[in-house]
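Each chain is listed here by its residues.
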Amino acid sequence: MSKITVLVVDDEKALLDFVRHNLEGRGYKTFTATNGLEALAIFKQEVIDLVILDVMMPDMNGLETIRRIRENSTVPIVVLSALGEENDKIQALNLGADDYLTKPFGVGELLARVEAVQRRARWSSASQVQDHSQLVHGEIMVDLTMHRVLVHGQLVELTPTEFNLLVYLMENSGRLLTHEAILKSIWGPEYGREAEYLRVYIGRLRQKIENDPVNPQYLKTAHGYGYYFESL
Amino acid sequence: MKKRSRLSIKSDLGLQILALYSLFIVPIVVVALLFDNIAGKRLVQEIQSNDLALARAIAQETDSALSISLFAVEQLSTQPAVIAAAPTGMPQIFEQAYNLRPDVNLVYRLDENGTMVYHYPESPGSTVGNDFSFREYFQRALETRDPLVSLGRISPTTNQPVATAIMPIWEADQFLGVVGTNLKLQSLSDTLAAISTEYHPEEQFQIAILDAGGNVIASPNPAQILTDFATVAPGVAQALLGGEDGSQVEVSEQGEETLYSYVLVPGVGWGVVIARPSSVAFATPQNFHRGVLWMIAVFLGIGIFFWFALSLRVIRPVERLADYSRFMGGGLPMETGDVELLDRFSTRPDQIGHLIRSFKRMEVAIKARIEELGTLLETGAAVVSTLDSQVVLERILEQVERLLGVKQSIIVALDPERDVFRARASRGMSERYARSLEISPDEPTSVTMRAIRVGEPIQVRDTESDPSFAALRPRARAEGYRSMVAIPLKTTHAPASALIVYSPTPQVFNARELNLLSNFANQAAMAIENAELYARSDTRLQEQTRRLVALMQSLDLGLVLEDLDGKILYANRMVSELSGQPMEEIIGQPAQNWWQQITARVVEKTEGGKESEGKLEQLLAGTMQESCILPLQYAENLCYVRVKGFTVYDEARVELGRGQILQDITNDYELDRMKSSLVSTVSHELRTPLAAIKGYVTTLLADDVDWEVTRQQEFLSVILRETDRLTETVNNLLDMSRIEAGSLTLSQTACTLDDIILSAVEHVNRYLGRQVEIEIAPDLPLVHVDADCIEVVVRNLTENALKYSPDDQPVAVSASQVGDWVIVAVEDRGIGIPPDKAEDIFERFYRLENGLTRRKPGVGLGLAISRGFVQAHGGKIWIEPRSVGTRILFSIPIVDVEQLEKILHE
């Protein structure tokens with residue numbers, strides 16, 4: 001399998017070089033930028049498969065950059081940040097980041113995340129080969145073959161992770177799934193404690209498929225434990 | 001006048017008397033009517049039976065007379081000559097019979113064919129040979145062998161009304177004719193006339209005998225003889241023909257009532273009728289009846305007369321008097337007619353007149369009393385209706401004049417400031433007098449002072465003759481009064497006062513007048529007290545209100561109070577500042593309008609800006625208890641205002657209105673923001689070098705990639721650099737915390753600053769590689785400093801200058817002596833510092849917010865630490881305003897030699 005192209009964005013030259021050297025050393029093709037504006041310019045010109053982005057940067061910070069990228073792309077984004085508070089993570093995830101890496105981190109963690117993001121993107125396309133081509137619950141119809149979701153017959157745009165999460169919950173509908181189980185299944189075996197990821201993703205899914213996202217009909221929360229898909 | 005709508009026996013004396021009278025009269029009338037009824041019937045029966053008895057007697061008599069006639073004729077029929085109808089024998093026999101009977105006017109013999117054979121007397125006319133077989137008695141004779149009486153008729157022989165006693169003559173079974181005697185009906189009538197006359201002629205008896213055919217055959221009235229009685233009284237005639245006895249009243253065609261009593265004569269079918277006019281017959285019972293009716297009428301008449309008399313003379317005056325008393329009691333006024341009537345009654349000399357006159361006198365007295373009371377009440381009302389004591393006191397004096405006819409009066413009160421009594425209000429006195437009147441409280445001659453001292457009214461009957469008034473006589477003459485009375489006012493909270501009234505003539509005020517004056521005096525006292533108390537409480541209240549208002553005005557919080565209708569009742573200075581509207585405009589306008597001006601300033605794009613308006617709406621409606629924070633735009637500045645709502649209740653927990661407190665929390669907000677940005681800055685400053693270190697260390701440790709040696713060297717040098725950076729940051733933080741905790745210890749030595757500055761600049765240049773101009777004045781004096789600290793200060797300032805200025809612009813460091821100070825200045829031509837931030841930049845963790853500063857690393861501790869160090873040396877650090885770039889200076893005090901020696905010794 002050929003290695004993907006990664007855009008690395010960080011204003012700290014030391015860190016930028018560290019990421020770049022490691023990725024290039026392992027066969028990835030990289031582009032680097034030291035601020036958001038530069039990153040967007042590169043993103044427009046080149047075919048980028050993954051974005052690794054620092055949050056605290058001058059001249060358009062990381063969060064704004066994510067928002068701009070998400071306006072017309074579902075490219076996987078991994079955020080690097082010195083801020084490890086839950087709110088910071090949720091803010092980034094809400095804007096559309098796929099993963100969040102708190103500084104400092106080792107090269108192993110970085111590579112694992114990069115691979116996990118790639119894997120998730122692959123999975124969503126891999127589900128084409130499933131036996132049953134459709135999942136239907138209530139007004140929600142997931143076409144696994146065409147890789148799309150219809151709610152009330154209306155097409156709903158989902159990111160690969162959102163799609164995988166929904167399919168996973170629907171396939172296990174009626175079963176209570178712990179945070180850890182969901183994270184390991186969808187994000188990868190390296191995950192398990194990132195409950196805030198689920199909060200963001202479940203929230204986003206509810207916005208997209210529930211009639212009343214505040215009082216969900218399908219995606220139910222088991223407080224302090226996990227989530228389950230209400231089988232109707 | 002209101003008429004009583006319903007006559008009630010309980011409420012009407014006239015009716016009661018009438019009822020009492022009826023109680024006596026009605027039984028008497030009833031008894032009389034009963035008696036009249038029963039006795040009347042008795043009398044009628046008696047009269048009828050009397051008449052019947054008479055009729056019976058007449059019938060008896062008639063019967064016996066007829067029996068004699070029939071016996072006589074029977075005797076005649078036995079005479080052979082008569083039987084044989086012998087012409088020779090008969091005249092003698094007949095003559096004999098004729099002469100024996102005065103009532104017979106003809107004796108005759110008819111043969112068997114009814115032909116007159118002979119009659120006696122033979123003259124004047126003869127009917128011998130005439131056939132009389134048609135006569136009804138002849139027909140009847142043919143069928144009987146007994147004597148019979150014919151109906152009455154006019155005899156053709158004698159031409160007189162007669163009835164015939166007939167005896168048929170039979171020999172064996174052969175009818176031989178009849179012998180008859182004609183009885184003169186006249187003679188019966190004569191008998192009846194005799195009977196009639198036996199009775200009193202005024203009783204107007206009319207007696208008649210009827211034959212079996214109903215014709216009158218005997219009557220005192222010859223005209224009636226042989227008339228059909230049915231034409232006179234058909235009912236009676238019918239009853240008699242039917243064989244009945246009895247009485248009945250018949251009414252003639254002329255309408256006269258007649259009482260008929262009738263009896264049958266037994267043998268012959270005749271009837272006797274006695275008639276007399278009912279009026280005559282029943283005169284007695286009718287008279288009795290009439291008498292009873294008269295009696296009732298008289299009783300009724302007397303009753304009515306007495307009732308009328310009573311009601312006119314007694315009840316009506318009493319009723320008018322009752323109305324009058326109601327009117328006096330404050331009821332409706334009387335009608336003029338009633339008033340005139342009452343006036344007329346009052347002239348009567350009797351008890352009623354006397355009573356009405358008493359009432360009238362009473363009314364005058366009551367009216368006067370009511371007027372007094374009304375005036376007092378009015379005065380009382382005036383006292384409580386206004387707190388302007390002047391108005392009340394003048395009103396009181398006016399009323400005193402009205403009620404007592406007093407033209408001059410005055411109210412004096414103690415003036416506590418000057419300790420003299422002065423006029424508070426006066427009436428009818430000369431203005432000069434009222435204004436200049438001053439009585440010392442211990443003035444011995446003053447009547448008023450005496451009255452106040454004893455607490456009782458004191459009168460002067462005549463100022464000219466009263467010896468105690470001698471001293472004041474000229475004044476009395478000038479003012480024109482001859483008598484006076486002073487009434488003390490009973491005041492407890494107000495200064496002592498008195499009411500004085502004057503009269504132009506010598507006069508004694510009677511008890512009633514004094515009482516009235518005392519009442520006025522009390523009212524006046526109350527007015528003065530009220531005004532005094534009000535003035536006191538008002539002052540207190542005003543003072544309190546002033547303080548409260550001042551307090552609320554000086555509050556840092558905005559306070560808005562609105563009533564239940566949503567109108568703003570109160571807003572303080574802060575509120576006026578927040579909306580930029582003067583206070584007068586805010587108060588009274590609908591709260592909603594005011595809030596609209598505030599919400600117009602809300603900056604929606606800030607954090608929480610959009611939701612804040614919805615929250616505010618709920619808060620103003622009272623549906624949300626929490627506070628909400630509004631980000632408001634004021635010119636260049638963003639202001640954060642926290643709004644909290646509350647409800648105002650009275651003591652009974654009834655809602656009076658609502659209020660809001662507005663608090664400008666911009667500073668708190670900024671501080672919060674700074675704190676969170678501090679955390680992220682420090683995190684960034686610590687973690688970024690750490691991340692590089694960890695990253696490169698893990699890179700070197702990873703065995704899946706073989707790095708070239710030059711790369712490895714490069715990685716290690718980055719690790720070293722980042723470690724230095726980390727160390728510096730940590731040192732800075734530690735220095736800062738030492739400064740903050742006051743635990744900074746300096747290891748000071750006496751030295752000049754040259755070396756320190758050079759060392760610092762060299763250190764800086766090592767990293768940044770930029771030229772720094774150094775200009776140090778020769779022979780700088782000694783200073784007593786911790787060299788490390790000062791080096792940090794110079795380094796920080798130089799680093800900042802390099803960091804915040806373009807690479808091609810020079811940075812200069814200079815040192816010189818100014819007075820007792822060595823001053824070091826660091827100058828650049830960089831971005832500069834806004835003058836208003838010249839102080840802020842020395843605060844710890846403060847970083848100017850703009851694109852350039854954010855691009856540069858740093859925690860914002862450099863200047864804060866520098867200031868701490870400089871101040872620890874007794875120096876100052878400050879910024880000099882520049883048009884381009886920045887010039888930061890700090891000063892270090894020079895040590896003089898003596899001091900230095902002292903230090904060295906220690």
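Nothing here was measured: the structure is a model prediction, and the numbers come from that model. (Residues numbered from 1 in each chain as written. Chains lettered and ligands numbered in written order. Predicted model: local features only at pLDDT ≥ 70, side-chain atom pairs only at ≥ 80, totals over all residues. Heavy atoms only, no water.)

(A) Highlighting the interface of chain B and chain A. Taken together, the contacts link 26 residues of chain B with 22 residues of chain A. Carbon and sulfur atoms supply 63% of the area that chain B and chain A bury against each other, a total of about 2,000 Å² over both sides. Two residues, Asp704(B) and Arg26(A), come together in a salt bridge whose shortest N-O distance is 2.6 Å. Residue assignment for the side of chain B that touches chain A shows that the elements contributing at least two residues are α20 (666–701), α21 (709–741) and α24 (851–855) of chain B. It is α20(B) that provides the largest number of residues to the side of chain B that touches chain A, a total of 14 residues. When the residues that make up the side of chain B that touches chain A are grouped by side-chain class, the tally is 9 nonpolar, 8 polar and 9 charged. (Contact = heavy atoms within 4.5 Å. Buried area = accessible area lost by both parts, 1.4 Å probe. Salt bridge = Lys/Arg side-chain N within 4 Å of Asp/Glu carboxyl O. Helix = DSSP H or I, 4+ residues; strand = E, 2+ residues; numbered from the N terminus. Nonpolar A, V, L, I, M, F, W, Y, C, P; charged D, E, K, R; others polar.)

(B) Layout of the sheet that holds strand β5 (residues 99–102) of chain A. All names here are of chain A. The strand order across the open sheet formed by 5 strands is β2-β1-β3-β4-β5, and the pairing between neighbours is parallel. Edge positions in the open sheet fall to β2 (29–33) and β5, since each of these has one partner strand only. Direction aside, the axes of adjacent strands within the sheet are offset by 20 degrees on average. Two elements, strand β1 (residues 5–9) and strand β3 (residues 50–54), share 4 bridges in a ladder whose sense is parallel. Of the residues in β3, the one forming a bridge with Leu7 is Val51. Sheet strands touched by helix α4 (residues 86–95): β4 (77–81) and β5. Its angle to β5, the strand with the most contacts, is close to 145 degrees. (Pairing = 2+ DSSP bridges. Axes fitted to C-alpha atoms, helices over the stretch in contact; angles between N-to-C directions.)

(C) Spotlight on the nonpolar core. With 59 residues, the main nonpolar core has Leu7(A), Val51(A), Ile140(A), Val142(A), Leu165(A), Leu166(A) and Ile182(A) as its most contacted residues. Each of domain 1 (5–125) and domain 2 (130–229) of chain A accounts for three or more of the residues forming this core. For Leu7(A), the contacting residues outside a window of four places in its chain are Phe31(A), Thr32(A), Ala39(A), Ile42(A), Phe43(A), Ile48(A), Leu50(A), Val51(A) and Ile52(A). Listed in part, the 43 residues of the second largest apolar core include Ala85(B), Tyr118(B), Val179(B) and Ile217(B). (Core = buried A, V, L, I, M, F, W, Y, C linked by side-chain atoms within 4.5 Å. Buried < 20%, exposed > 50% of the residue type's maximum accessible area, 1.4 Å probe, protein only. Domains from an automatic or database assignment.)

(D) Examining the domain arrangement of chain A more closely. Residue and element names in this part refer to chain A. Annotation of chain A at the domain level lists domain 1 (5–125) and domain 2 (130–229). Spacing between the C-alpha centres of domain 1 and domain 2 amounts to 24 Å. Summed over the shared surface of domain 1 and domain 2, the number is 3 salt bridges. With a shortest N-O distance of 3.1 Å, Arg119 and Glu190 are connected by a salt bridge.

(E) Structural context of helix α2 (residues 36–45) of chain A. All names here are of chain A. All of the buried residues in α2 are Gly36, Ala39, Leu40, Ile42 and Phe43. Buried residues of α2 fall within an arc of 165 degrees about the axis and therefore sit on the same side. Among the exposed residues of α2, those oriented more than 90 degrees off its buried face are Leu37, Lys44 and Gln45. The secondary structure elements touched by the buried residues of α2 are β1, β2, β3 and α3 (62–70). Its side-chain oxygen at 3.1 Å from the backbone nitrogen of Leu37, Asn35 defines the N-terminal cap of α2. (Arc of directions from axis to C-beta. Polar contact = N/O pair within 3.5 Å; in protein donor to acceptor, adjacent residues only side chain to side chain.)

(F) Seen up close, the side chain of Ser77(B). All names here are of chain B. Residue placement: Ser77 occurs in helix α1 (residues 13–78). Accessibility expressed as a relative area gives 10% for Ser77, which makes it buried. Within the structure, the side chain of Ser77 is placed 2.5 Å from the backbone oxygen of Glu74, a separation counted as a polar contact. Apart from residues lying up to four places away in sequence, Ser77 is in contact with Val82, Ile83, Met167, Ile169 and Val179.

(G) Region of the structure containing the pattern of salt bridges. Across all of its chains, the model carries 45 salt bridges over all chains by this definition. Connected through salt bridges with shared partners, the residues Glu12(A), Glu685(B), Glu722(B) and Arg725(B) form a single ionic network.

(H) Region of the structure containing the packing of aromatic side chains. Residue and element names in this part refer to chain B. Under the definition given, this model contains 20 aromatic pairs over all chains. Ring centres of Tyr481 and Tyr502 lie 4.2 Å apart, and the angle between their planes is 40 degrees; on these two criteria the pair is classed as tilted. In this pair, Tyr481 sits in the loop between α14 (473–479) and β16 (483–489) while Tyr502 sits in strand β17 (residues 497–503), placing the two residues 21 residues apart along the sequence. Classification of Tyr481 as buried rests on a relative accessible area of 2%. (Phe/Tyr/Trp six-rings, centres within 6.5 Å; stacked < 30°, edge-to-face > 60°.)

(I) Main features of the pairing of β1(A). All names here are of chain A. For β1, a buried count of 5 out of 5 residues is recorded, marking the element as mostly surrounded by other parts of the structure. Of the two faces of β1, both are covered, the one formed by Thr5, Leu7 and Val9 as well as the one formed by Val6 and Val8. In this sheet, β2 lies alongside β1 in parallel orientation, the contact comprising 5 bridges. Across the sheet, the residue bridging to Leu7 is Phe31, located in β2. Regarding topology, helix α1 (residues 13–25) serves as the crossover connection from β1 to the parallel β2, and that connection is right-handed. (Right-handed = clockwise from strand over helix to strand, strands pointing away.)

(J) Expanded view of unusual backbone geometry. Cis geometry marks the peptide bond from Lys103(A) to Pro104(A), where omega comes out at -5 degrees. With an omega dihedral of -15 degrees, the bond running from Tyr120(B) to Pro121(B) counts as a cis peptide bond. The residue Pro121(B) is located in the loop between β2 (116–120) and α4 (136–141) in this model. Backbone geometry at His152(A) places phi at a positive 55 degrees, although glycine is not the residue there. For His152(A), the position within the fold is in the loop between β8 (148–151) and β9 (154–156). Positive phi, normally seen in glycine, also occurs at Asp779(B), with a value near 35 degrees. Relative to the helices and strands, Asp779(B) resides in the loop between β24 (772–776) and β25 (783–785). On the basis of relative accessibility, which here comes to 71%, the residue Asp779(B) falls in the exposed class.

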